[in-house]
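Results of the structural survey
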Amino acid sequence: MKNALVIQGGGFRTAFTSGVLDVFLEEQYAPFDLIVAVSGGAIAASYYVAEQKEHCFNAICFLAEKGRFVSLKFPLQSKPLMHVEIFHDISGIHFPFDKNKAIVNLRDKEFYMVMTDRKTAQAHYCDPRKTNWEEAVIASCSLPFVTKANQIVDGRAYMDGAWGDPLPVEWAYQQGAKNITVIRTTPAEEKATKTWFDRLGEYYYLRNPKLREAFMRNHEIFNRSIDFIQHPPHDVHIRQIAPDEKLKGGVYTQEKNRLMEDYLHGKEQALRYFREEVSKLTLRSF
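The notes below deal with the structure included here. Just so it is clear, the structure is predicted and the values come from calculations on it, not from any experiment.

Once that is clear, we can look at the overall build of the chain. Secondary structure summary: the chain contains 11 helices and 8 strands in total. Counting over 286 residues, the chain shows a buried share of 55%. By sequence separation, contacts in the chain at least 24 residues apart represent 77% of the contacts at least 6 residues apart. For the chain, the accessible area works out to roughly 13100 Å², and carbon and sulfur atoms hold 50% of it.

When two helices pack together, their arrangement is captured by the angle between the axes and the distance separating the axes. Helix H3 (residues 55–64) packs onto helix H2 (residues 40–49) with a crossing angle of 140° between their chain directions and a minimal axis gap of 8 Å. Taken together, the axis directions place H2 and H3 in an arrangement best described as oblique. Listed contacts from H3 to Ile43, Ala44 and Tyr47 of H2 are His55, Cys56 and Ala59. Of the residues that constitute the contact of H2 with H3, the class distribution is 5 nonpolar, 1 polar and no charged.

Let us now look at the side chain of Thr14. Tracing the backbone shows Thr14 in helix H1 (residues 14–26). On the basis of relative accessible area, Thr14 is assigned to the buried category, the value being 2%.

Turning our attention to helix H10 (residues 218–230). When the terminal C-alpha atoms of H10 are compared, their 19 Å separation across 13 residues agrees well with the 18 Å that a helix rising 1.5 Å per residue should span. Of all the residues in H10, the buried ones are Asn218, His219, Phe222, Asn223, Ser225, Ile226, Phe228 and Ile229. In this structure, the buried residues of H10 make contact with helix H7 (169–174), helix H8 (196–204), helix H9 (209–216) and strand S8 (237–241).

Time to look at the environment of Lys191. Position of Lys191 relative to the elements: it lies in the loop between strand S7 (177–183) and H8. In the structure, Lys191 is positioned 36 residues away from Asp227 in sequence and 9.2 Å away in space, judged by C-alpha atoms. Side-chain polar atoms of Lys191 contact the side chain of Asp227, separated by 2.5 Å.

Moving on, we come to the environment of Asn179. Positionally, Asn179 belongs in strand S7. For Asn179, a relative accessible area of 16% puts it in the buried group. Along the sequence, Asn179 and Val236 sit 57 residues apart, while their C-alpha atoms lie 5.9 Å from each other. Leave out the neighbours within four places in its chain, and Asn179 touches Met1, Lys2, Asn3, Ala4, His237 and Arg239.

A full pass over the atoms with the stated rule returns 22 aromatic pairs. A ring pair is formed by Tyr273 and Phe274, whose centres lie 6.0 Å apart and whose planes are at 90°; its orientation type is edge-to-face. Assessed through its relative accessible area of 4%, Tyr273 is described here as buried.

We now examine unusual backbone geometry. Phi angles above zero are rare outside glycine, and Ser39 is one such case at about 55°. Turning to its location among the elements, Ser39 is positioned in the loop between strand S2 (34–38) and H2. For Ser39, a relative accessible area of 8% translates into the label buried. Although it is not a glycine, Asp154 adopts a positive phi angle of roughly 50°. In this structure, Asp154 sits in the loop between strand S5 (151–153) and strand S6 (156–160).

Rules behind the numbers
Residues numbered from 1 in each chain as written. Predicted model: local features only at pLDDT ≥ 70, side-chain atom pairs only at ≥ 80, totals over all residues. Heavy atoms only, no water. Helix = DSSP H or I, 4+ residues; strand = E, 2+ residues; numbered from the N terminus. Buried < 20%, exposed > 50% of the residue type's maximum accessible area, 1.4 Å probe, protein only. Contact = heavy atoms within 4.5 Å. Areas by Shrake-Rupley, 256 points an atom, 1.4 Å probe, with all protein chains shown as cover. Axes fitted to C-alpha atoms, helices over the stretch in contact; angles between N-to-C directions. Parallel < 35°, antiparallel > 145°, perpendicular 65-115°, else oblique. Nonpolar A, V, L, I, M, F, W, Y, C, P; charged D, E, K, R; others polar. Expected span 1.5 Å × (residues − 1). Polar contact = N/O pair within 3.5 Å; in protein donor to acceptor, adjacent residues only side chain to side chain. Phe/Tyr/Trp six-rings, centres within 6.5 Å; stacked < 30°, edge-to-face > 60°.

The values reported here are purely geometric and, on their own, carry no functional implication.
Structure below.
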């Protein structure tokens, strides 16, 4: 029976996810045959499969330092609001990503990052082992309007996976997963409403019907995933690790004390998961 791990995105809220995954590493817990991650979750998932504890959280704190990743001065300097290219420095210099270890650990596993095709507006599930890993992460995390115009992977332009499939639980089930663990960065029962960013996307892509619809219906796609979690098919068991309430961090957060609170909350929720759920499962490490 295939076990899957689905990881939601969420900008700096990924601090919560990094806390969860660090506990997984501490407990040598990796029973997953399939891992699929979205946006910031792709960063956390990468360090997890490379068994690099605390690297994700330290990278998030590094990004949070004022003016390093998000700055209102960037547009005045003809730069994007978010400097996603810094991910190359993070994975190569500041908190080096052990790609070789990740590939070895994934030798008998499926691993995907979700990104949104800018031409079709459809979700693309990318195996980073078959392309440039770092570019795949950047593509999955590239917010439209506020990062560099296009992220190219294997000759196609992509943007943040949250507009293609923000919570790919149903997709994991379609791949044969019957035990699914979902790491959320929003409370378990919380549904989405149309955001100002979605409305901006509708206007910005007024002459591009496919992308316009992606922004117009993004919250509906997310809510369909929540419905799937709450009312799954009879042959699938879904568990969630989610914050008890709205996290302190956000998409643009730059306050490290808030990030630490979310990180510690993630560790707490992971430990609760071990107490309540893992005893029922067969443990397996990388």
